[in-house]
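Inside the fold
Residue-level listing of the chains:
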Amino acid sequence: MPVHQYRDALTRLAPHINRSKKDVYVGTVYGQAGFNWMVHEMERSFNLTNVVTFAVGLIPWICRTIKYGELGANYGTKAVNVAAVTPPEKFDELDRIFFQDITVRWHKKGHFHQACSFLSLTLSVDNQIIHPSRCYGLWKQYGGMWKTEEDIPFFYKDFDDISAEYIQKMDDDYSKVREAVRKAFPDREFKYMLDYLSLERVSHGKSENDNIKDSFRNSAQLALIKTPTVELDGGGFGLNTNCRFFTDDIPYGVLIARWIGQELGVETPFIDEIIEWAGSIRGEKFLKDGKVDLEYCLSGSHTTGIPPAYGIKSVMDILD
């Protein structure tokens, strides 16, 4: 499910939550965009008091469809998985009744570790860092257009130097935000709030992974993933700017880091460049006069996932 659809899904789910049970577990297997903020929004709207919320950091496995509706492929689990849970003391029970069943039971590895905060996932999970940066690289090199389907590079297997450079720039901005968060909340460990390559090493258990481009080009799990494109009316193919790489990873990804950085006094020049580029081709104006434009970002229903969209006005209130 696209991340920008989570809030709508929770609204539809809420009326069916059993209020008589002691605990009802509501979670996601991909923890981008402050899932705890979304669930707390649902709890307030529906007066729910028995929800245990969880979010897994990276998706534990790489899966692909072999035959739609009939056959899929699971390429194996990550060596280490991370999840955030609130209330945090519910982690062990959730690990026993759910987490182990989706990894260790089948693959004999992939134990779950507990993150100290959902923010560790919000500022680390890598789709929001990888996808916009790679798309920007493809736009810069090819103008986001190709004459034939055969000309379209694979999204990961054909990873290039400029895309790797952009991911590094994006992650550098994220790292500045992460460091500011650590200083703002010195009582939290943030053990799993990591930069891209560090998260890759932890997740896959590989200490030798030290090159962004090679981490993609040499990945057997990601090799067959194609660049999202659409056929153009005049012929050829164009980058699909309505795919989740834009609808999720900008308003429910990069923009969140931008707002947190802004509130903590951190400049994020490459994040700004990505937001403004994506906005220019999609007709979106998330930034104004060097700041997140709250009027625009809060103007529609679920337009963005920045903390003020959930009524969180101070950056000091973003942690559970």
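Whatever comes next refers back to the structure up there.
Now for a quick tour of the structure. (Residues numbered from 1 in each chain as written. Predicted model: local features only at pLDDT ≥ 70, side-chain atom pairs only at ≥ 80, totals over all residues. Heavy atoms only, no water.)

With that settled, the discussion passes to the sheet that holds strand β7 (residues 145–146). With antiparallel pairing, the three strands of this open sheet are ordered in space as β7-β9-β8. Each edge of the sheet is formed by a strand with only one pairing partner; in this case those strands are β7 and β8 (229–231). Bridging between β7 and strand β9 (residues 237–239) involves two bridges; their strand directions are antiparallel. Each bridged residue has a counterpart across the sheet, and for M145 the counterpart in β9 is G238. (Pairing = 2+ DSSP bridges. Helix = DSSP H or I, 4+ residues; strand = E, 2+ residues; numbered from the N terminus.)

Another point: the sheet that holds strand β5 (residues 81–86). On the basis of which strands lie adjacent, the open sheet formed by four strands has the order β1-β2-β5-β6 and mixed pairing. What marks the edges here is a single partner per strand, and that holds for β1 (24–28) and β6 (112–114). On average, each strand axis in the sheet is inclined to that of its neighbour by 30°, with strand direction left out of account. Across three bridges, the pairing between β5 and β6 is parallel. Its bridge partner lying in β6, N81 is registered against F112. The sheet strands contacting helix α2 (residues 35–46) are β1, β2 (51–56) and β5, and the helix crosses β2 at an angle near 155°. Sheet contacts for helix α3 (residues 91–102): β1, β2, β5 and β6; angle to β6, the most-contacted strand, approximately 150°. (Axes fitted to C-alpha atoms, helices over the stretch in contact; angles between N-to-C directions. Contact = heavy atoms within 4.5 Å.)

Summed over all chains, the structure comprises 20 aromatic pairs. A centroid spacing of 5.6 Å and a plane angle of 50° characterise the contact between F54 and F98, whose relative ring orientation is tilted. Taken together, the residues F54 in strand β2 and F98 in helix α3 connect sequence positions 44 residues apart. Residue classification places F54 among the buried positions, given a relative accessible area of 7%. Ring geometry for W139 and W277: centres 5.9 Å apart, planes at 65°, overall edge-to-face. Highlighted residues: W139 in helix α6 (residues 127–142) and W277 in helix α12 (residues 269–282), separated in sequence by 138 residues. Under the relative-accessibility criterion, W139 is labelled partly exposed at 27%. Feature note: the residues Y136, W139, Y166, F246, F270 and W277 constitute an aromatic cluster, connected by ring pairs. A cation over an aromatic ring shows up here: R134 above the ring of F155, its NZ or CZ 5.8 Å from the ring centre. (Phe/Tyr/Trp six-rings, centres within 6.5 Å; stacked < 30°, edge-to-face > 60°. Buried < 20%, exposed > 50% of the residue type's maximum accessible area, 1.4 Å probe, protein only. Lys NZ or Arg CZ within 6 Å of the ring centre and 35° of its normal.)

Of all six residues in β5, six are buried; the element is thus mostly enclosed. Side chains of β5 alternate between two faces, with N81, A83 and V85 and V82, A84 and T86 buried alike.

A few words now on the pattern of salt bridges. Applying the stated criterion across every chain yields a total of eleven salt bridges. A salt bridge links K90 to D23; the shortest N-O distance between them is 2.9 Å. With K90 in the loop between β5 and α3 and D23 in the loop between α1 (6–13) and β1, this pair connects stretches of sequence that are 67 residues apart. Since its relative accessible area comes to 24%, D23 is described here as partly exposed. For R96, the salt bridge is made with E93, and the minimal N-O distance between the two is 2.8 Å. Residue R96 and its partner E93 are both found in helix α3; the two are separated by three residues, about one turn of the helix. Judged by its relative accessible area of 53%, R96 is exposed. (Salt bridge = Lys/Arg side-chain N within 4 Å of Asp/Glu carboxyl O.)

Across a regular strand the side chains alternate sides, sitting on one face of the sheet and then on the other. Of all six residues that make up β2, six are buried, and the element is covered over most of its length. The two faces of β2 match: V51, T53 and A55 on one face and V52, F54 and V56 on the other face are all buried. Crossover β1 to β2 through α2 is right-handed. (Right-handed = clockwise from strand over helix to strand, strands pointing away.)

For the bond running from T86 to P87, omega is 0°, close enough to zero to count as cis. Along the chain, P87 falls in the loop between β5 and α3. Positive phi outside glycine occurs at A33, with the angle close to 80°. Structurally, A33 can be placed in the loop between β1 and α2. Although it is not a glycine, N47 adopts a positive phi angle of roughly 55°.

Taking 1.5 Å of rise per residue, twelve residues should cover 16 Å, and α2 covers 17 Å from first to last C-alpha, within 8% of that figure. The set of residues buried in α2 consists of F35, N36, W37, M38, V39, E41, M42 and E43. For α2, the elements touching its buried residues are α1, β1, β2, α5 (118–122) and α11 (250–263). N47 lies just past α2 and shows a positive phi near 55°. (Expected span 1.5 Å × (residues − 1).)

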